[in-house]
Amino acid sequence: MKNEVWCFFLIPVFCFATGAALYVRNESAVQARFERAREQWRAGENEKAVELYLDLQRKHPRSRYAARALWEAAAIYYYRLYDLSKAIYYFEELISSYPRSEYAVECRFKLAEIYERELYDPARALEHLVAVRLSLSAADRDDEIQFRIADAYFRMGNFETAVRHFKDVIRESDDPHLAQKALLRLGTVMQIQKRYVDSIEYFQRVLEETDCGDCSLQARMGLIESLEHEDRIDEAIRLAEQLDGSGPESEELRGILLQRLKEKRKHYEPTLWSRR
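K.L.:
Lay out a negative patch on the surface in plain terms, naming residues and giving numbers.
P.N.:
Side chains of D142, E144, D174 and D175 sit close together on the surface and give a patch of like negative charge. Following the sequence through the fold, D142 ends up in the loop between α6 (122–135) and α7 (143–156). Here D142 falls in the partly exposed class, since its relative accessible area comes to 36%.

As structure tokens, then:
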């Protein structure tokens, strides 16, 4: 009787131990296949590496290397082979097959990047950026994601929603450079909506707060344009005279801008006088 009881307990333990041993042996074999694929990638054999990665994932879909193999295949198609359709396909397959994988969120980032920078499809980029933001806890919220969401709405022409998100970035971000980029975007939105007085306020804030040369230049150019639209020509000229003229292209731009503004002032003053 005691022997039967011991057998009753030992059989599951034996089965578990056997299964664990088989799993470890199988994972070792899968790891070896994964390393062979990496060797092909390092050697510049990108198509062969993709073939090995995808074969590994198909034959061992439950392996801890499966999601990473799909990631590597998609990344090769994106960065090395520049086959965007296949990169998108395998990034999306990874999200679908392994939604809880550490690579799923990274796939969302890459898909957003492809739709933003390569395919110029802000609506599809927005879809993935929102999914990333919803997957993060409040403590892990990324200001850059918030800015990119706002920028996607901006590029889609949904200015009301874009303005709301850009203001959230300015209010909540700990990154001053990101806040200044949001202020620049708000100034641009105001110009598009012909709200030049409001745009002047945003551009002036950038000039007061920024240490970034590029942000400062963009703010000055935007401010000059808005002042010109408000017929504040003398202020626009003074600001144009302050532009950095270092370098032939900058000096040429400064010269063209000043010439145009001064010509406008020349024709503008008699018009004002005649109206009186």
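Additional details are given in the paragraphs that follow.
K.L.:
So, the pattern of salt bridges: which residues are in play, and what are the values?
P.N.:
On inspection of all chains with the given rule, the structure shows 21 salt bridges. R254 is the salt-bridge partner of E251, the closest N and O atoms lying 3.6 Å from each other. Linking E251 with R254, this pair stays in helix α13 (residues 248–275), spanning 3 residues, or about one helical turn. We classify E251 as partly exposed; its relative accessible area is 37%.

K.L.:
Lay out the confidence of the model for the chain in plain terms, naming residues and giving numbers.
P.N.:
Across the chain, the average pLDDT comes to 88, with 85% of residues at or above 70. This model gives residues 13–23 a pLDDT under 50, and the stretch forms 1 contact once residues within four places in sequence are excluded. pLDDT under 50 marks residues 272–276. Its contacts with residues more than four places away, or in other chains, come to 0 contacts.

K.L.:
Go over the packing of helix α2 (residues 46–59) against helix α3 (residues 66–80), please, and point to the residues and values.
P.N.:
The N-to-C vectors of α2 and α3 enclose an angle of 155 degrees; their axes lie 8 Å apart at closest approach. On the basis of their axis angle, the class for α2 and α3 is roughly antiparallel. Relative to α3, α2 is oriented so that their crossing is left-handed. Of the residues in α3, those in contact with N46, A49, V50, Y53, L54, L56 and Q57 of α2 are A66, A69, L70, E72, A73, I76, Y77 and R80. Among the residues making up the contact of α2 with α3, the classes are represented as 11 nonpolar, 2 polar and 2 charged.

K.L.:
Any details on helix α5 (residues 102–118)? Residues and values, ideally.
P.N.:
Relative to the 24 Å expected for 17 residues at 1.5 Å per residue, α5 spans 24 Å between its end C-alpha atoms, a close match to the ideal helical length. Of the residues making up α5, those classed as buried are Y103, A104, C107, K110, L111, A112, E113, I114 and Y115. For α5, the secondary structure elements touched by its buried residues are α3, α4 (84–97), α6 and α7. With a side-chain oxygen lying 3.0 Å from the backbone nitrogen of Y103, the N-terminal cap of α5 falls on S101. Looking one or two residues beyond α5, the residue adopting positive phi is Y120, at roughly 50 degrees.

K.L.:
Please set out the layout of surface pockets residue by residue, giving values where relevant.
P.N.:
The computed volume of the largest pocket comes to approximately 320 Å³. E116, R117, R148, D151 and R155 are, among the 14 residues lining the largest pocket, the residues nearest its centre. Looking at the lining of the largest pocket, the elements that each hand over two or more residues are α5, α7 and α9 (176–192). Its residues assigned to classes, the lining of the largest pocket comprises 5 nonpolar, no polar and 9 charged.

The rules we used
- Residues numbered from 1 in each chain as written.
- Predicted model: local features only at pLDDT ≥ 70, side-chain atom pairs only at ≥ 80, totals over all residues.
- Heavy atoms only, no water.
- Patch = residues over 30% accessible without salt bridge, like charges linked within 9 Å, V, L, I, M, F, W, Y side chains within 5 Å.
- Areas by Shrake-Rupley, 256 points an atom, 1.4 Å probe, with all protein chains shown as cover.
- Salt bridge = Lys/Arg side-chain N within 4 Å of Asp/Glu carboxyl O.
- Lys, Arg positive; Asp, Glu negative; His and termini not counted.
- Charge placed at Lys NZ, Arg CZ, Asp CG, Glu CD.
- Helix = DSSP H or I, 4+ residues; strand = E, 2+ residues; numbered from the N terminus.
- Buried < 20%, exposed > 50% of the residue type's maximum accessible area, 1.4 Å probe, protein only.
- pLDDT = per-residue confidence, 0-100.
- Contact = heavy atoms within 4.5 Å.
- Axes fitted to C-alpha atoms, helices over the stretch in contact; angles between N-to-C directions.
- Parallel < 35°, antiparallel > 145°, perpendicular 65-115°, else oblique.
- Left-handed = near helix turned anticlockwise from the far one by under 90°.
- Nonpolar A, V, L, I, M, F, W, Y, C, P; charged D, E, K, R; others polar.
- Expected span 1.5 Å × (residues − 1).
- Polar contact = N/O pair within 3.5 Å; in protein donor to acceptor, adjacent residues only side chain to side chain.
- 1 Å grid on protein atoms, 1.4 Å probe; cavity = no way out; pocket = protein on both sides within 12 Å on 5 of 7 lines; lining within 4 Å.
- Points joined across faces, edges and corners; volume = space filled by probe spheres on them.

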